[in-house]
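Each chain, letter by letter, is given below.
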There are 2 protein chains.
Amino acid sequence: MSPTAPALASKLDNLRSSAIRDLLKLTTRAEIISLAGGLPDAQLMPRDRLAAAAEAALTTQGCLQYTESPGWAPLREVLAVRESARLGRQVELAEVFVTHGSQQALALLAEVLLDPGALVVVEDPAYVGALQVFRAAGARIVAVPLDAEGMRTDVLEDLLARGERPAVVHTVSNFHNPGGVTMSRERRVHLAELAQAHGFWVIEDDPYGELWFDRPTPAPVATHSRNVIRLSSASKILSPTLRVGWLIAPESVCRGVELLKQGADLCGSALTQQMAAALLADETWLAGHVAHVRAVYGERAKALVHAVRTRFGDRVRCSDAAGGMFVWADFTDGTDTTALLSHALDAGVAYVPGSAFAVDAGHRSALRMCFTTSDAETLGDAVERLAVAAG
Amino acid sequence: MSPTAPALASKLDNLRSSAIRDLLKLTTRAEIISLAGGLPDAQLMPRDRLAAAAEAALTTQGCLQYTESPGWAPLREVLAVRESARLGRQVELAEVFVTHGSQQALALLAEVLLDPGALVVVEDPAYVGALQVFRAAGARIVAVPLDAEGMRTDVLEDLLARGERPAVVHTVSNFHNPGGVTMSRERRVHLAELAQAHGFWVIEDDPYGELWFDRPTPAPVATHSRNVIRLSSASKILSPTLRVGWLIAPESVCRGVELLKQGADLCGSALTQQMAAALLADETWLAGHVAHVRAVYGERAKALVHAVRTRFGDRVRCSDAAGGMFVWADFTDGTDTTALLSHALDAGVAYVPGSAFAVDAGHRSALRMCFTTSDAETLGDAVERLAVAAG
């Protein structure tokens, strides 16, 4: 008799596999220029520095053992210093918790903060990793649209006025994935005021904030309210292989996350946490390294946006190339980007259709393009191929 | 207005922090000999080989990027070869899933296999990491006692005859933590037959199986039924810093785990997975390395058991030193080991009271002693101090 797995079948329904990952499997053919991925450029990752840090860590036995669930203490100290500078206040060690990438921070926070059926507000289009986590937690999800200034906090305010009581509001405040936009200072203040007035948590998910091209981003939402839990990561500025993300939250929340982390996977890797600490603590080197990544990505982003605007004119409206890893574009003539995709693959270019990021339906004429792993000329070719496919 | 966190308060009640971890915080004073930990000996971990593997991996960019959610494919291939030899059949790649330590395998499996309220059968005394996971999943937990031959499968059979229908039965089949015992071949066959007859999953949690001292363990429970999901780990034979555990399960279960892994933390570290693959693939070296660990741990275990039997005689009954990392002992005169602990700390020795491993109550005269990180002489001193404390 084979085991029954009632939970398995129903959970597979709830957790649609990330459309992006499934697509990636189709777009690895060499002749296709893929703008569909969401990966940082491995060529820009500081391999020599990582190798030196690994070698240094492995000169003693200290990096071989289980480490503490909240993270290796010297890494948490480095992060506290960085985040204190970013937030303009003294961040205490007890507020810093290291996770296995910031995706784990989201997953553990959902468990700590949400009861089944709790209301979570997300942005639309949405970060699919967040949708996946909140759906798995059994949350009720309501979307608030983005515009060029980020989350429409006026729409959130209307929801609150109608009596909706979110437990959590999730925002990718800087260089939104997939929307490309950054929340304005005014909206940040407004969101923080609403959080204070109505007593909800804001999860400020910020993996891209340091990847600005022309000017730094506004101060984090977390500078305006202690109801804001900040998430960030070493994946986009150093390397995803470290699996080092972190959250900054009140001590009581960190204690809840710690209990769940022990059940989830005990602790992170002492080796990769020591490597991350070494590189993040070397401020002078890090500033130069991040400036280089910014310069390369900035050039690529501008080439992509220039090509789209030149080739498509008014037919496509796209986000500015201000930072991060993605450009979001909309066909103003109603072209269905899901239907277009097979033609685009035939023409040799891949992207992610907007519908993959829709909370319910919508974004059927939109697409997300990642500019991090192609040079300017290749990005120009990709846009030309897209134009051929779109006819 | 501060956010309400209703889930937080109730979940903190459900998830008692691991008593072991809390104790570890108290027993790091240099004058205390701690038998309370549950850590492998970092001095025996192959630091030079790990350093060479890290250096080799970091000569290319390939180990810097995000890796696949089920694990780096060449590591899965190495594991498939190892597990094929262990299980005596061809294990397919689709049956192998790499997790962030085997604790994550347990946590993801609980999500995939259990609906809230589902029945889970565990062994008593229990592995606390499993209790934590199953409690967090909202399972109803029923315990079956251990004896010198492992899980009392006759008691499980009685439960089934009374109409209980477990979704999952969890066993640490080899060198039980904390019980020290290994399930006999007859019990393995019986457990597999019950799983087949009643259609439940067995999770065979086997991190210690290779650490036998005098003779290898019986063939895994998984050799007797495809209803058995096997878990193991590189933590005890190589190093916990790799955070490499794995599960062997039917492809449908692996697919469910993959969807949950994407939401939980996307993927593991390409770097540490490449390091693990390099060391696990070098079979000749690995055989010698594991033989050395066995020899050292075996000598320590025998010294501990000898000291306990010599010093306490009939007053304490303890498990054989046959493998793994732990000895389980029982005061036959009813000494309360929780009350004894403060006297033991005063005398300069730490252990974990049996009650920490009880599913409901019980084991009040028992204690778990870890022999991995002290030499034979120190273990003799520890037992002497324990005898002083016990009066």
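Rules used throughout
- Residues numbered from 1 in each chain as written.
- Chains lettered and ligands numbered in written order.
- Predicted model: local features only at pLDDT ≥ 70, side-chain atom pairs only at ≥ 80, totals over all residues.
- Heavy atoms only, no water.
- Salt bridge = Lys/Arg side-chain N within 4 Å of Asp/Glu carboxyl O.
- Helix = DSSP H or I, 4+ residues; strand = E, 2+ residues; numbered from the N terminus.
- Buried < 20%, exposed > 50% of the residue type's maximum accessible area, 1.4 Å probe, protein only.
- Pairing = 2+ DSSP bridges.
- Contact = heavy atoms within 4.5 Å.
- Axes fitted to C-alpha atoms, helices over the stretch in contact; angles between N-to-C directions.
- Buried area = accessible area lost by both parts, 1.4 Å probe.
- Polar contact = N/O pair within 3.5 Å; in protein donor to acceptor, adjacent residues only side chain to side chain.
- Least-squares fit on C-alpha atoms with pLDDT ≥ 70 in both.
- pLDDT = per-residue confidence, 0-100.
- Domains from an automatic or database assignment.
- Nonpolar A, V, L, I, M, F, W, Y, C, P; charged D, E, K, R; others polar.

J.: Describe the pattern of salt bridges, with residues and values.
T.: Residues and elements named next belong to chain A. Evaluation of the coordinates by the stated rule reveals 34 salt bridges over all chains. Across the pair D147 and R187 runs a salt bridge, and its minimum N-O distance is 2.9 Å. With D147 in strand β4 (residues 140-147) and R187 in helix α8 (residues 185-198), the pair connects residues that are 40 residues apart, well separated along the chain. Using a relative accessible area of 13% as the deciding quantity, one classes R187 as buried. Beyond isolated ion pairs, a larger network of salt bridges with shared partners links E83, D206 and R230.

J.: I'd like a rundown of the sheet that holds strand β10 (residues 316-318) of chain A, residues and numbers included.
T.: Residues and elements named next belong to chain A. Here four strands make up an open sheet; going across it, the order is β10-β11-β14-β13 and the pairing antiparallel. In this open sheet, the two edge strands, each paired with only one partner strand, are β10 and β13 (352-353). As paired elements, β10 and strand β11 (residues 326-331) share three bridges and run antiparallel to each other. In the strand pairing of β11, R317 is matched with D330. On the sheet, helix α11 (residues 283-312) packs against β10, β11 and β14 (366-370) and is oriented at approximately 160° with respect to β10.

J.: So what about the interface of chain B and chain A? Which residues, and what values?
T.: With 78 residues of chain B at the interface, the matching set in chain A holds 79 residues. Carbon and sulfur atoms make up 56% of the surface buried where chain B meets chain A, a total of about 6,500 Å² over both sides. At the junction of chain B and chain A, the tally comes to zero salt bridges. Counting across the chain B and chain A interface gives 35 residue pairs in polar contact (both at pLDDT 80 or more). If you list the elements that add at least two residues to the side of chain B that touches chain A, you get α1 (6-14), α2 (19-26), α3 (47-57), α5 (102-113), α6 (128-136), α8 (185-198), α9 (251-265) and α10 (270-281) of chain B. Take the side of chain B that touches chain A: its biggest share by element is 11 residues, from α9(B).

J.: Describe in detail the relation of the copies chain B and chain A, supporting the description with residues and values.
T.: Take chain B, turn it by 180°, move it 0.0 Å along the axis, and it overlays chain A with an RMSD of 0.0 Å. Taken together, the rotation and translation relating the two chain copies correspond to the operation of a two-fold axis. A symmetric contact is evident, with 100% of the interface residues of chain B recurring at the interface of chain A.

J.: Could you give an account of the confidence of the model for chain A, with specific residues and numbers?
T.: In the predicted model, chain A carries a mean pLDDT of 93, and the fraction of residues at 70 or more is 94%. A low-confidence stretch, residues 9-17 of chain A stays under pLDDT 50, and its non-local contacts, those more than four residues away or across chains, total 15 contacts.

J.: Any details on the domain arrangement of chain A? Residues and values, ideally.
T.: Residue and element names in this part refer to chain A. Partitioning chain A into domains gives domain 1 (9-38 + 287-390) and domain 2 (47-282). Measuring from the centre of the C-alpha atoms in domain 1 to the corresponding centre in domain 2 gives 25 Å. Counting residues at the interface gives 28 residues for domain 1 and 26 residues for domain 2. Taking both sides of the interface into account, the surface hidden between domain 1 and domain 2 amounts to around 2,400 Å²; carbon and sulfur atoms contribute 62%. Ranking the residues of domain 1 by area buried against domain 2 places R294, F326 and V359 at the top, with a combined share of 25%. Where domain 1 meets domain 2, there are one salt bridge. A salt bridge links K302 to D214; the nearest nitrogen and oxygen atoms lie 2.8 Å apart. Between the two partners, domain 1 and domain 2, sit 10 residue pairs in polar contact (both at pLDDT 80 or more). A total of eight residues in the side of domain 1 that touches domain 2 trace back to one element, the largest contributor, which is α11. Classifying every residue of the side of domain 1 that touches domain 2 gives 16 nonpolar, eight polar and four charged.

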